[in-house]
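# Summary of the model geometry
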Amino acid sequence: MARLKIVAWPESVLLTPAEPVTKFDDKLKKLVEDMFETMYAAPGVGLAGTQVAIAKRMFVMDCTGGKDPSRRFFMANPEIILKEGKQDGDEGCLSIPGIYSKVQRSMHVIARGQDVNGKEYQIEGTELEARCLQHETDHCDGFLYINRISPLKRELVLRKVRKLQKTGEWPS
Ligand SMILES: [Zn+2]
């Protein structure tokens, strides 16, 4: 397994809708293992293909930090097919490292997509898992959490980013 480089805002791959995953081959399986390794090492609870500069609709996620293998997911071509309730909470992103903002999300969601063999399945998540499913599916569409907050809050986040860019502390 190898750790991949996580790209940071405003890399264009993060801001562009990704292409569907169509090949479920050994190359994909290896990439998925590398994505898990990269996510756990970060550490993070989710990582999308676009965040490692691969413009494909897919993500890995594990909100248990490796403690519950049954909640370790890879999903290709995700689609949120059910959204219920609301939650407010701080949200971060490995591509906007170290900065958090309150983001309103649905409390309970079902995502539909494909596993590493191309087989269709669904993930049902609440609270953090629901937040993560929405965040990662957004990545596949070229959206970041800063697209889901008010212009004022977005400006606060971007001001922090610009400050870090100026001092050379922002990943490039
Ligand atoms: Zn993210």
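Just above sits the structure.
Every value quoted in this text rests on a predicted model; they were computed, and no experiment measured them.

What follows concerns the coordination of the zinc ion. All of the protein donors around the zinc ion are Cys 93 (SG), His 135 (NE2) and His 139 (NE2); their distances to the metal are 2.0 to 2.3 Å. Of note, the donors binding the zinc ion are all from one chain and are spaced C-x41-H-x3-H. Placement of both His 135 and His 139 in helix H2 (residues 127–140) is noted, with a separation of four residues, approximately one turn of the helix. His 139 matches His 135 in its accessibility class, with the two residues each being buried.

This next bit is on the nonpolar core. Side chains of a nonpolar character, in soluble globular proteins, are inclined to be buried together. Counting residues in hydrophobic clusters, the biggest one holds 14 residues, and the most contacted among them are Trp 9, Ile 96, Ile 99, Tyr 145, Ile 146, Val 157 and Val 161. Elements that contribute at least two residues to this core include exactly strand E5 (96–105) and helix H3 (151–166). By size, the runner-up hydrophobic cluster in this structure holds 13 residues, among which are Met 35, Phe 36, Met 58 and Val 60.

On to the environment of Glu 11. With respect to the helices, strands and loops of the structure, Glu 11 is situated in the segment before helix H1 (26–41). For the pair Glu 11 and Pro 97, spaced 86 residues apart in sequence, the C-alpha to C-alpha distance is 13 Å.

About the thresholds
Residues numbered from 1 in each chain as written. Predicted model: local features only at pLDDT ≥ 70, side-chain atom pairs only at ≥ 80, totals over all residues. Heavy atoms only, no water. Donors = N, O, S within 2.8 Å, 3.2 Å for Na, K, Ca; no water. Helix = DSSP H or I, 4+ residues; strand = E, 2+ residues; numbered from the N terminus. Buried < 20%, exposed > 50% of the residue type's maximum accessible area, 1.4 Å probe, protein only. Core = buried A, V, L, I, M, F, W, Y, C linked by side-chain atoms within 4.5 Å.

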